[in-house]
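If you want the building blocks of each chain, they are given just below.
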Amino acid sequence: PCGKGLWPAIWMMPQDSAYGGWAASGEIDIMEAVNLDCDGDSHEVHGTLHYGGGWPRNVHTGRSTMTKTSAVTDFHEFAIEWEPGTIRWFVDGVHFATQSSWCSEAAPYPAPFDKDFFFILNVAVGGAWPGPPNSSTTFPQRMEIDYVRVYGCETDGECGTTDPAVTALDGLPQCT
């Protein structure tokens with residue numbers, strides 16, 4: 001979907017709120033995009049973690065990258081690799097972010113990203129980040145998903161395709 005006020009996302013929330021309300025129990029944003037230009041040749045997409053304490057004591061850290069072709073007219077593969085203590089983000093097989101430093105007010109590291117999470121695939125309309133739609137935003141809108149796949153590693157250390165050129169987000173805010 002494209003236009004002012006639109007916010008397509010592929011994200012994950014905890015199955016249970018073991019460490020407290022949002023975002024104390026974590027949130028993993030695999031892909032978020034806001035206000036996509038309908039005529040753009042490439043688009044900015046974001047990968048983010050939310051953690052720490054319950055709102056407003058939570059923090060978020062992440063990176064963005066550009067798709068090589070239009071995120072509005074072309075399909076793309078958005079992925080994370082999630083293993084204990086490390087989460088990596090990819091677009092079309094290209095690694096663009098790694099996070100291995102986060103915290104929880106309620107439990108020691110690697111909380112809160114040591115519990116089961118579930119997927120959410122949605123298009124939000126409005127909100128603080130994209131702002132409201134305007135007169136140029138057309139409706140209806142839709143987000144097309146070709147497939148969702150989940151893989152698991154059979155043994156520790158089997159997964160992990162970190163690109164050494166991608167700088168990990170270390171030295172992030174710590175919980176108190």
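Preceding this section is the structure that the text describes.
The following paragraphs examine the structure supplied in this document. (Residues numbered from 1 in each chain as written. Predicted model: local features only at pLDDT ≥ 70, side-chain atom pairs only at ≥ 80, totals over all residues. Heavy atoms only, no water.)

1. Considerations on the pattern of salt bridges
Close approach of charged atoms allows side chains of opposite charge to pair.
Next up, step 1: Here the structure, examined in full by the defined rule, presents 4 salt bridges.
Next up, step 2: Where E81 meets R88, a salt bridge forms, and the shortest distance between an N and an O atom there is 3.4 Å.
Next up, step 3: Using a relative accessible area of 6% as the deciding quantity, one classes R88 as buried.
Next up, step 4: The residue R88 makes a salt bridge to E83 at a minimum N-O spacing of 2.9 Å.
Next up, step 5: Each of E81, E83 and R88 takes part in salt bridges that share partners, so that together they form one network. (Salt bridge = Lys/Arg side-chain N within 4 Å of Asp/Glu carboxyl O. Buried < 20%, exposed > 50% of the residue type's maximum accessible area, 1.4 Å probe, protein only.)

2. Thoughts on the sheet that holds strand 5 (residues 78-83)
Next up, step 1: Read from one edge of the open sheet, 3 strands run 5-6-7, paired in antiparallel fashion. For this open sheet the edge positions go to strand 5 and strand 7 (94-99), each flanked by a neighbour on one side alone. Along the sheet, successive strands turn relative to each other by an average axial angle of 20°, direction set aside.
Next up, step 2: Relative to strand 6 (residues 86-91), strand 5 runs antiparallel, the two sharing 6 bridges. Residue pairing across strands places I80 opposite W89, the latter belonging to strand 6. (Pairing = 2+ DSSP bridges. Helix = DSSP H or I, 4+ residues; strand = E, 2+ residues; numbered from the N terminus. Axes fitted to C-alpha atoms, helices over the stretch in contact; angles between N-to-C directions.)

3. Considerations on the sheet that holds strand 3 (residues 44-52)
Next up, step 1: Spatially, 5 strands are ordered 4-3-2-1-8 in an open sheet, and the strand pairing comes out antiparallel. Two strands in the sheet have a free side with no partner beyond their single neighbour: strand 4 (58-66) and strand 8 (117-125). The sheet shows a mean angle of 20° between the axes of neighbouring strands, direction not considered.

4. Observations regarding the pairing of strand 6
Next up, step 1: The element strand 6 is largely enclosed, with a buried count of 6 among its 6 residues.
Next up, step 2: With burial as the criterion, each face of strand 6 is covered, one bearing T86, R88 and F90 and the other bearing I87, W89 and V91.
Next up, step 3: What sits between strand 5 and strand 6 in their antiparallel hairpin is a turn of 2 residues, with G85 showing a positive phi close to 85°.
Next up, step 4: Summarising the sheet, strand 6 and strand 7 pair through 5 bridges and their orientation is antiparallel. Looking across to strand 7, one finds that F90 is bridged to H95.
Next up, step 5: Once strand 6 ends, the chain turns through 2 residues before running back antiparallel as strand 7, passing D92 with a positive phi of about 55°.

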